[in-house]
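The chain contents come next:
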Amino acid sequence: MAYLVANSYLGLVKEATRGTLPGSGTVGWIPVTTPQVTPMQTWLRDEALRGSGTLVYEQVAATRHDTLDFKSYLYADTFPHYLSAILGYEVTPVASSGASYTHVLGLLNSASTGSQPSSYSLLDFDGANYFQMLGAQAADLTITFGAEAAAEAAVKFIGNPYTSLTSAPTVFNTLSITSEKLVPSWNSTISVGGSGLTYIQSGELKFDRKTAPIFTMGTQAPKVNFAGPLEVTGKFTAVVDSNADPFSTGSSAYGLFRAGTPVATTITLTDPNDSNLNGSSVAVQHSISFTMSNVQYQNVKRVRGKEYTEVEVDFVANANTTDAISGYSPVKATVVNGTSTAY
């Protein structure tokens, strides 16, 4: 018998104790594409010489951690789970106009906790088996967007070795998938240096925590899956619609020059189809916004592979105090949705 992939689903929940499945909690049910659980088993090769013309005599299991990768379209009510996992801190949500709420998520800076975001318990059901992964730490989050595509996120978690189950654990018993609409990229706004740019075709924004397992003696699994310092990078592809392209022309082009003045960049992805009325007379469109107040553009190049000229440019978001909830941070995220509680 074969099993239907369409029956798959994925859930995640914050852990109160790192590496321990909570008995209850707010589960994020994530509409996903291409989820992949991968056991990262390492092997010790016995290549000791034994007087024969061969190489490997035995392979012994060494340490192991596992990964979970998936992609998801951007839904305003589930996307903040990824931001909370990669950044670590959320300000108390504030009620917006109508029946919507504003969530501000930023980098956790806390010496007492090692500035570690919360760990997660993950459950991936592939249509046949349940795979439970505990102690999972977000490793990277990449958001892609383009005028002719849906905004999409690629997420990677690093966790302890998975357990295969025949049924869902208690905390994951009640499946509840979002009814929110995905965010189409055409309804995005991008501001660079205080000016709104209407000629960006596509872009990417990557949050990288360089998460890695730490192994110690006495157990095959990691002692902890450890998140490193946050780096935020990205890139844009744009139509060259004038001879004064700000990224590559002129003595102060963003991609060629640094005058000591920070270049602020804001990316806002707005959902034109979801406005959480709930009886209110005020419609508030749900949105996901990233503010980077100190950006350096670089590696700019003209591209002439099409009938019209394009420009591609990379950028790095520098740490600053404006985007920080405390200390320094390269980015701050703001999400408007109909969820009243923090993530």
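Remember, it's a predicted structure, so these values are computed and weren't measured experimentally.

Calculation notes
All residue numbers refer to positions counted from 1 along the written sequence of the respective chain. For a predicted model such as this one, the threshold for reporting local features is a pLDDT of at least 70, and the threshold for listing and counting side-chain atom pairs is 80 or more; totals across whole chains, interfaces and linings nevertheless cover every residue. The basis for the side-chain values is all heavy atoms of the structure; hydrogens and waters are excluded. Burial here depends on accessible area, computed with a 1.4 Å probe over protein chains only, as a share of the maximum for the residue type. Under 20% is buried, over 50% is exposed, and the range in between is partly exposed. Working definition: helices are DSSP H or I runs of at least four residues, strands are E runs of at least two. Numbering for both runs from the N terminus. A pair of strands counts as paired when DSSP detects no fewer than two bridges linking them. By nonpolar core we mean a set of buried residues, namely Ala, Val, Leu, Ile, Met, Phe, Trp, Tyr and Cys, connected to one another through side-chain atoms within 4.5 Å. Two residues form a contact once any of their heavy atoms are found within 4.5 Å. We define a salt bridge as a contact between a side-chain nitrogen of Lys or Arg and a carboxyl oxygen of Asp or Glu at a distance within 4 Å.

## A look at the pairing of strand E1 (residues 9-14)
Within a regular strand, side chains alternate between the sheet's two faces. Most of E1 sits inside the fold, with 5 of its 6 residues counted as buried. As paired strands, E1 and strand E8 (residues 120-125) are joined by 6 bridges and run antiparallel to one another. Looking across to E8, one finds that Val-13 is bridged to Ser-121. Two elements, E1 and strand E2 (residues 28-30), share 3 bridges in a ladder whose sense is antiparallel. Looking at E2, one finds that Leu-10 is bridged to Ile-30.

## Here we look at helix H1 (residues 79-87)
Along H1, 9 of the 9 residues are buried, which leaves the element largely enclosed by surrounding structure. Count one or two residues on from H1 and you reach Gly-88, which has phi positive near 105°.

## Focus on the nonpolar core
Among the nonpolar cores identified, the biggest contains 58 residues, and Phe-79, Leu-141, Phe-157, Phe-207, Phe-236 and Phe-290 are the most heavily contacted of them. Element by element, the count of residues in this core is highest for strand E9 (residues 130-146), at 7 residues. Non-local contacts of Phe-79, meaning those with residues more than four positions away in its chain, are made with Leu-74, Leu-141, Ile-143, Ala-153, Ile-288 and Phe-290. By size, the runner-up hydrophobic cluster in this structure holds 10 residues, among which are Val-13, Trp-29, Leu-123 and Tyr-130.

## So, the pairing of strand E19 (residues 285-303)
Pairing between E19 and strand E21 (residues 332-337): 5 bridges, direction antiparallel. Looking at E21, one finds that Thr-291 is bridged to Lys-332. Looking at chain direction, E19 and strand E20 (residues 310-317) are connected through 7 bridges and run antiparallel. In the sheet register, Val-303 faces E20, and the bridge partner there is Glu-310. Hairpin connection, E19 to E20: the antiparallel pair is bridged by 6 residues.

## Description of the pattern of salt bridges
When the charged atoms of two side chains with opposite charge come close together, those side chains can pair. For the structure on display, the rule yields 9 salt bridges. With a shortest N-O distance of 3.8 Å, Arg-302 and Asp-245 are connected by a salt bridge. Residue Arg-302 is located in strand E19, and its partner Asp-245 is located in the loop between strand E17 (231-239) and strand E18 (263-275); the two are separated by 57 residues in the primary sequence. Using a relative accessible area of 4% as the deciding quantity, one classes Asp-245 as buried.

## Brief notes about the environment of Tyr-75
Among the secondary structure elements, Tyr-75 is positioned in the loop between strand E4 (58-73) and H1. Residue classification places Tyr-75 among the buried positions, given a relative accessible area of 11%. With 45 residues separating them along the chain, Tyr-75 and Ile-30 place their C-alpha atoms 9.2 Å apart. With residues up to four places along the chain from it excluded, the contact list for Tyr-75 reads Pro-31, Pro-80, Thr-178, Glu-180, Lys-181 and Leu-182.

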